[in-house]
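Summary of the model geometry
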Amino acid sequence: MSSPAAADEAENQRQKGNDAFKMQDWQKAVKYYKESISLDPASKNSAKAWGNLAAALCKISMYEDANRAAARATSVDPTWAKGWWRRGVVEELQKDFIKAHVNYFRAMELASDKKEKNFFKDAMKKVEKRINVKTIQKPDGTVEHEYSVSGPGVSVIPTNSTMMDKVVGLKAWRRFRDEGGQCTGGQPDQPAFFAQQAELRKCPTSYQFIMRGMFQWYMASCDARAYLLYSCGDAEARMLQHRVTVVENSPEIMNNPQLRAQSRMVAERMVLGGSVPSTGLLIEFINSINKLLGDNLIIGADSQTDAEENFLPPIPGPLRRMGPAYMFQAMLASIFNQTVDVTSIFGTKAKMSPAIISAVETFQANMRLISSAKLPQFDSSNTPEDVLKYCKKMLKQISWNQGMRRFVALQYQGSVLYGVLLRFTGNVAEALKQMKWGRTFMKLADEAFNVTKDGAFAEKGCSFRASFRIGLSCTELKTHHALRDGSLYIGGGSYPVDDEFSLALEIIEMAKNVDLSDFNVGNDSDAVTQPILDKIDEVAHYRMPLAYAHGLIAHTLGELNSLIEAGKIPFEGWTVLCNNVDLVGPDDDRTIVSVIAEHYRLAAENELPDSLEGSVLWWTYGHYMARSGKCRGDNDKEKGGYTLGELRNVIKKAEAAREVRDISLFGPDDCAGGTFEMATKMVASHFHSEDDDFLLPELKYEDKDGKRSMVINGFTLCEDISDLERIGWEYLAKRKGDEQEKTKNDTSELEQEHGAAREEVKPLTTLCIRELHNQDNIIARGEADPALIVSKAMKAGLVNL
């Protein structure tokens with residue numbers, strides 16, 4: 001218990017923090033709030049200081065620390081409504097929408113007056129728009145909120161069909177259906193689909209790339225659903241386990257041909273007699289996520305949509321009580337299933353990742369499994385280092401072939417899959433933690449056991465392969481990028497730029513180790529379709545990860561450079577970033593913009609031309625190419641800079657990509673006529689009369705009279721880039737008009753053929769040839785070509801001609 005004097009001084013420090021906060025001096029505010037807390041850390045009075053500290057930490061992107069401070073505020077004074085509201089704010093910033101909703105509701109219940117209650121209620125209603133929650137009014141007057149899935153660490157599944165219409169994966173699946181895609185025995189006919197894609201032999205399209213992952217996603221869904229049926233405890237499920245005939249003859253299924261085919265397929269996939277389906281469920285889900293880089297996955301929708309669109313296996317009767325949550329449970333089942341298998345080998349004291357433990361507890365809570373199927377409670381505080389130490393210990397008893405390979409795969413694959421589930425349910429901050437845990441564990445295990453170094457994948461598992469990990473790392477990178485949400489904090493905070501860059505560079509390095517012979521050779525195809533699938537897998541495990549990683553680096557560096565040029569952050573910020581993540585930065589031969597240009601080039605070259613950003617990346621590369629001046633991002637010192645010919649080639653590629661853009665999946669190009677496109681075209685048009693080897697001078701931006709102009713070689717291309725799209729089109733139209741005017745007035749060709757002859761001094765050679773004609777010389781006879789006459793004359797020895 002602090003003394004009154006200490007409490008007074010604590011309040012004084014807190015007020016100083018408030019003053020600093022109002023002046024937007026966040027670091028000083030943090031300092032004062034911490035000083036206040038140190039003087040009075042545990043009394044109810046300190047709750048405000050903890051809440052203030054959470055607010056200040058959010059301002060400098062230190063969300064994890066802010067979350068702990070907000071939780072401490074509610075701990076020291078559980079009755080303070082604003083403390084729960086602050087905690088909800090931090091959780092909403094972390095994209096943890098379910099927890100935010102819960103804490104906003106607590107704040108509303110504790111509110112002391114109507115104004116405060118309405119304020120908290122508005123916050124709760126806003127977050128409800130992000131999630132699927134049902135409010136239940138109980139008979140005693142209290143209110144409860146029901147989410148689609150209950151249990152530890154579980155959130156809601158998106159079911160809004162309007163939002164689902166925007167999912168590219170769903171659009172691709174509908175297109176497959178509309179174009180006559182067939183399902184054989186309830187399964188989509190993948191071999192038939194790819195056998196028809198002859199153009200794939202040259203370059204896969206975005207549609208074909210997405211469908212490759214969607215087919216695997218569908219099959220994983222079917223297998224996991226079979227396991228769900230096995231896990232259900234009701235009578236109908238037991239009949240499905242033991243008697244295929246019951247499934248085929250039930251009135252409900254007999255009246256629905258599609259459902260009949262699907263249910264038969266599920267039953268046939270289960271080993272009769274009630275035995276558990278294959279333990280390969282987990283890797284099926286992971287493979288599909290890997291191939292789609294975590295995008296375009298469809299987790300759930302209502303049963304009507306399932307039946308109509310057939311983009312997920314229709315829900316059999318025993319699972320319909322789960323509603324749309326059954327797909328979530330199917331994915332949890334794949335983790336649970338593999339955990340049961342591993343525990344049978346390693347025992348009940350095995351050290352597991354926190355994600356595995358949470359997934360198992362959630363699955364058991366939701367499925368209400370019989371006691372014999374339950375797993376023991378594990379320690380959920382294990383770090384990657386703890387589990388690796390356990391692996392080293394157990395290798396003395398259990399070899400890789402005896403079970404260690406499966407154990408290691410479960411820690412990695414299960415952590416990543418659970419992270420993907422959390423991401424889809426809105427718990428993005430927790431999702432990133434689990435993905436990072438899995439990646440860190442695999443990196444440590446790879447180094448400890450020399451798997452990649454020795455090429456020991458056959459013994460120690462495919463999870464160590466770069467081709468297996470690269471897509472999952474991209475999924476984590478996208479999750480981090482979503483949480484960073486445009487902030488450019490370097491060297492600190494919950495989601496700093498340097499963490500993102502480190503992972504992007506790791507993906508780029510990983511791509512160098514991708515073995516293109518790894519890709520499912522012979523697994524699910526024949527000699528006709530295997531080459532096609534290999535090309536798609538090359539896109540999934542090599543090209544697309546490179547395109548995303550380079551594109552993300554380039555885009556973020558562009559944002560940083562804009563702030564540096566505007567004087568909002570010092571140039572040293574670039575140096576700090578380069579040092580923190582081992583990024584190749586500017587030097588005597590490279591400028592910031594030339595480094596950015598090189599990353600955009602690599603992104604554009606690896607991106608599929610018909611994709612969402614197929615043309616945008618080329619236009620952006622062209623813009624930074626023009627800005628590079630005498631430097632090149634690829635550090636080719638001999639060339640000295642980018643040439644006009646290279647810029648013209650980029651324009652051709654950008655326009656070609658726009659021509660082939662898949663509008664059915666990605667819609668029209670919203671970036672057409674954008675700033676970078678206009679700048680690139682205007683530079684090329686300005687130097688239209690120059691040859692291809694002309695070295696581009698530096699395109700500069702100059703600030704004057706509150707406007708930013710675009711200047712090259714002393715010529716102002718655009719006086720105000722804030723309206724560059726309009727100005728750009730006007731400039732190009734004027735340039736085109738000038739050229740048309742010049743062409744309209746140019747009659748030189750007509751004059752040369754039909755115009756009056758002009759008296760001019762003839763060259764000596766012409767006079768001599770004319771004299772040869774006058775003399776009817778044999779050398780000139782019948783010849784009109786002066787060059788040929790001169791050649792004949794020289795051969796004849798008329799050297800004085």
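Above this text is the structure in question.
Summary of the structure given here. If you're wondering where the values come from, they're calculated on a predicted model, not measured in any experiment.

A few words on the overall build of the protein chain. Tallying secondary structure elements over the protein chain gives 37 helices and 7 strands in all. For the protein chain, the proportion of its 801 residues judged to be buried stands at 52%. As displayed, the protein chain offers around 37,600 Å² of accessible surface, 50% of which is attributable to carbon and sulfur atoms.

The residue T556 is located in helix α27 (residues 530-565) in this model. On the accessibility criterion, T556 (0% relative accessible area) is buried. Apart from the residues within four sequence positions on either side, T556 is in contact with R484, L488, V497, E500 and F501.

The next point concerns helix α26 (residues 497-512). Side chains of residues three or four places apart in an α-helix project in the same direction, reflecting 3.6 residues per turn. If you check α26, its first and last C-alpha atoms are 23 Å apart, about what 16 residues at 1.5 Å a residue would give, namely 22 Å. A large share of α26 lies buried, amounting to 12 of its 16 residues. Inspection of α26 places V497, D498, E500, F501, L503, A504, L505, E506, I507, I508, M510 and A511 among the buried residues, and these make up the whole buried set.

Time to look at the nonpolar core. Counting 142 residues, the largest nonpolar core has F209, M211, F346, F407, V683, L699 and M710 as the members making the most contacts within it. Leaving out residues up to four positions away in the same chain, M710 has contacts with A679, M682, L699, K700, Y701, F715, T716, L717, C718, I721 and L724. One finds Y33, I37, A49 and L57 within the second-largest nonpolar core, a separate group that totals 26 residues.

With 12 residues, helix α33 (residues 675-686) should cover 16 Å at 1.5 Å per step; its first-to-last C-alpha distance of 16 Å lies within 8% of that length. Counting buried residues along α33, 10 of its 12 residues qualify, which places the element largely inside the surrounding structure. Along α33, the positions that sit buried rather than exposed are E677, M678, A679, T680, K681, M682, V683, A684, S685 and H686.

On the basis of which strands lie adjacent, the open sheet formed by 3 strands has the order β5-β6-β7 and antiparallel pairing. Looking along the sheet, the strands with just one partner apiece sit at the ends: β5 (699-704) and β7 (715-718). For this sheet, the mean angle separating the axes of adjacent strands, direction not counted, is 45 degrees. As defined by bridge partners, β5 adjoins strand β6 (residues 707-712) across 6 bridges and the pair is classed as antiparallel. By the bridge assignment for β6, K700 is matched with V711.

Bringing the packing of aromatic side chains into the picture now. For the structure on display, the rule yields 18 aromatic pairs. For the pair W85 and F120, a centre-to-centre distance of 6.5 Å together with 35 degrees between the ring planes defines the contact as tilted. Here the residue W85 occupies a position in helix α5 (residues 81-93), and F120 occupies one in helix α7 (residues 114-128), the gap between them amounting to 35 residues. Grouping residues by exposure puts W85 and F120 together as buried. Judged by centre distance (5.1 Å) and plane angle (85 degrees), the ring pair of W400 and F449 falls under edge-to-face. Placement of W400 in helix α21 (residues 400-424) and of F449 in helix α22 (residues 428-449) is noted, with a sequence separation of 49 residues between them. Taken individually, W400 and F449 each receive the classification buried, so the pair is uniform in this respect. One aromatic cluster in this structure is built from W85, F119 and F120. Stacked on the ring of Y207, the Lys or Arg R175 has its end atom at 3.9 Å from the ring centre. Here K478 stacks its cationic end above the ring of Y548, 5.1 Å away from the centre of that ring.

Basis of the calculations
Residues numbered from 1 in each chain as written. Predicted model: local features only at pLDDT ≥ 70, side-chain atom pairs only at ≥ 80, totals over all residues. Heavy atoms only, no water. Helix = DSSP H or I, 4+ residues; strand = E, 2+ residues; numbered from the N terminus. Buried < 20%, exposed > 50% of the residue type's maximum accessible area, 1.4 Å probe, protein only. Areas by Shrake-Rupley, 256 points an atom, 1.4 Å probe, with all protein chains shown as cover. Contact = heavy atoms within 4.5 Å. Expected span 1.5 Å × (residues − 1). Core = buried A, V, L, I, M, F, W, Y, C linked by side-chain atoms within 4.5 Å. Pairing = 2+ DSSP bridges. Axes fitted to C-alpha atoms, helices over the stretch in contact; angles between N-to-C directions. Phe/Tyr/Trp six-rings, centres within 6.5 Å; stacked < 30°, edge-to-face > 60°. Lys NZ or Arg CZ within 6 Å of the ring centre and 35° of its normal.

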